[in-house]
Amino acid sequence: MKLKLGIPKGSLEAATIDLFRRAGFQITTSSRSYFPAIDDPEIECMLIRAQEMARYVEDGVLDAGLTGRDWVEESEAQVETVADLIYAKQSFGKVRWVLAVPESSPFRKVTDLQGKIIATELVSATRRYLTANGVSAKVEFSWGATEVKPPELADAIVEVTETGSSLRANKLRIIETVLESNTQLIANVKSWKDPEKRRKLEDIRMLLEGAINALGKVGLMLNVEKKNLAAVIAVLPALKNPTVSPLSDGEWLAVNTILEELTVRQIIPRLKEAGAQGIVEYPLNKIVM
């Protein structure tokens, strides 16, 4: 069994490969090849632009692939959604396609753009959004540098953003959100019905979701006397109840828990004050729920 898997080439490439690394897969790319190596004999990888991924998965060229929900909607491809993977190139969160205009523009809402020109790479989804709002406007495909087109080449744009910093740098103001998107693991309908391929995809989903669950979290181990256990546990904002195990010395316990990494620097001193000893912080690759 070989699962043909599409890896998104471009802005999501590095984040995707790093996510697979956290999940336990080593993917090695080369500037001279569109076929990355992976240390799993049941998977063959291919680098494909995210914009085209859904079409190749729908046609069966690929069994599965990772791409944005935005590009699945744009192509209207008939594919199976295996997993929602909430990560992006910068923040591991969702991205937004927004309707934006120059800061000096009089436009305040989508209906103000009746009869105007809108530039975007997301043409079909933008047209559906305008239709849903009763607006008739000319939607032009943008080959890039979309932010610089208003006001000379377009009245408004629909562009993807994570933080809005690029739009602000180009003196653009967001009017409305057209759609939110996140990365998805999608599968060909026929491949999803194949028992071997489906099981492999479900395994990949579990490991990828585990890697995402571990982002920004660390493990913490410590020892504490029984008499101080309540004070120590009161300090810990655990993912679930911490694991407490007896030590060879009957008066001492071992405590193991998971914390948000940003909180550890405040918590460790409080744990020490509460009587904890032998405090060890360690990194996490996966948390499988």
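Quantities reported herein were computed from a predicted structural model and do not represent experimental measurements. (Residues numbered from 1 in each chain as written. Predicted model: local features only at pLDDT ≥ 70, side-chain atom pairs only at ≥ 80, totals over all residues. Heavy atoms only, no water.)

This next bit is on helix α2 (residues 50-59). Here α2 has its buried residues at Ala 50, Met 53, Ala 54 and Val 57. Each buried residue of α2 lies within a common arc of 90 degrees when the element is viewed along its axis, so the set occupies one face. Looking at the buried residues of α2, the elements they touch are β1 (3-9), β4 (43-49), β5 (64-68), α3 (69-75) and β12 (183-187). Backbone geometry just downstream of α2 places Gly 60 in the positive-phi region, at approximately 90 degrees. (Buried < 20%, exposed > 50% of the residue type's maximum accessible area, 1.4 Å probe, protein only. Helix = DSSP H or I, 4+ residues; strand = E, 2+ residues; numbered from the N terminus. Arc of directions from axis to C-beta. Contact = heavy atoms within 4.5 Å.)

For the pair helix α1 (residues 13-23) and helix α7 (residues 195-213), the least separation of the axes is 8 Å and the interaxial angle reads 100 degrees. Classed by the angle they form, the pair α1 and α7 counts as roughly perpendicular. Here Leu 19, Phe 20, Arg 22 and Ala 23 of α1 lie close against α7, whose contacting residues are Ile 204, Leu 207, Leu 208, Ala 211 and Ile 212. In terms of residue class, the contact of α1 with α7 is made up of eight nonpolar, no polar and one charged. (Axes fitted to C-alpha atoms, helices over the stretch in contact; angles between N-to-C directions. Parallel < 35°, antiparallel > 145°, perpendicular 65-115°, else oblique. Nonpolar A, V, L, I, M, F, W, Y, C, P; charged D, E, K, R; others polar.)

Before going further, it helps to spend a moment on the sheet that holds strand β14 (residues 243-246). Read from one edge to the other, the open sheet built from four strands follows the order β14-β15-β13-β16, with strand pairing classed as antiparallel. Across the chains shown, the open sheet's two edge strands, defined by having one partner strand only, are β14 and β16 (277-283). Across the sheet, the axes of successive neighbouring strands diverge by a mean angle of 20 degrees, strand direction being ignored. Bridge count for β14 against strand β15 (residues 252-260) is four bridges, and the pairing is antiparallel. By the bridge assignment for β15, Ser 245 is matched with Ala 254. Contacts from helix α9 (residues 264-274) reach β13 (217-225), β15 and β16, with the element oriented near 160 degrees to β16. (Pairing = 2+ DSSP bridges.)

Attention now moves to the confidence of the model for the protein. On average, residues of the protein score 92 in pLDDT, and 97% of them are at 70 or above. No element of the protein has a lower mean pLDDT than helix α5 (residues 165-169), at 88, and none a higher one than helix α6 (residues 189-193), at 97. (pLDDT = per-residue confidence, 0-100.)

A word on the nonpolar core. Counting 27 residues, the largest nonpolar core has Leu 5, Ile 7, Phe 20, Leu 66, Leu 185, Ile 204 and Leu 208 as the members making the most contacts within it. Looking at this core, the elements with two or more residues in it are β1, α1, β4, β5, β6 (80-85), β12 and α7. Here this core takes five residues from α7, the largest share from any one element. Not counting chain neighbours up to four residues away, the residues in contact with Leu 185 comprise Leu 5, Ala 64, Gly 65, Leu 66, Glu 80, Thr 81, Val 82, Ala 83, Leu 85, Leu 201, Ile 204 and Arg 205. In this structure, Leu 113, Ile 118, Leu 130 and Val 178 belong to the second largest nonpolar core, which totals 21 residues. (Core = buried A, V, L, I, M, F, W, Y, C linked by side-chain atoms within 4.5 Å.)

For the second largest pocket, the calculated volume is near 210 Å³. Within the residue set of the lining of the second largest pocket, elements represented by two or more residues are α2 and α3. Here the lining of the second largest pocket is built from residues that sort into two nonpolar, three polar and five charged. (1 Å grid on protein atoms, 1.4 Å probe; cavity = no way out; pocket = protein on both sides within 12 Å on 5 of 7 lines; lining within 4 Å. Points joined across faces, edges and corners; volume = space filled by probe spheres on them.)

Attention now goes to the pattern of salt bridges. Under the defined criterion, the tally for this structure stands at 15 salt bridges. Residue Arg 22 is joined to Asp 18 by a salt bridge in which the shortest nitrogen-to-oxygen separation is 3.6 Å. Of this pair, Arg 22 and Asp 18 both sit in helix α1, separated by four residues, roughly a single helical turn. Given the relative accessible area of 26%, Asp 18 is considered partly exposed. Measuring nitrogen to oxygen at the nearest pair gives 3.7 Å for the salt bridge that ties Glu 76 to Arg 128. (Salt bridge = Lys/Arg side-chain N within 4 Å of Asp/Glu carboxyl O.)

In total, this model carries three aromatic pairs according to the counting rule given. Relative to Trp 97, the ring of Trp 71 lies with its centre 5.6 Å away and its plane at 90 degrees, an arrangement referred to as edge-to-face. Highlighted residues: Trp 71 in helix α3 and Trp 97 in strand β7 (residues 95-102), separated in sequence by 26 residues. Of the two residues, Trp 71 and Trp 97, neither departs from the other in class, the shared state being buried. Its guanidinium or amino end placed over the ring of Tyr 56, Arg 55 lies 4.7 Å from that ring's centre, counting from NZ or CZ. (Phe/Tyr/Trp six-rings, centres within 6.5 Å; stacked < 30°, edge-to-face > 60°. Lys NZ or Arg CZ within 6 Å of the ring centre and 35° of its normal.)

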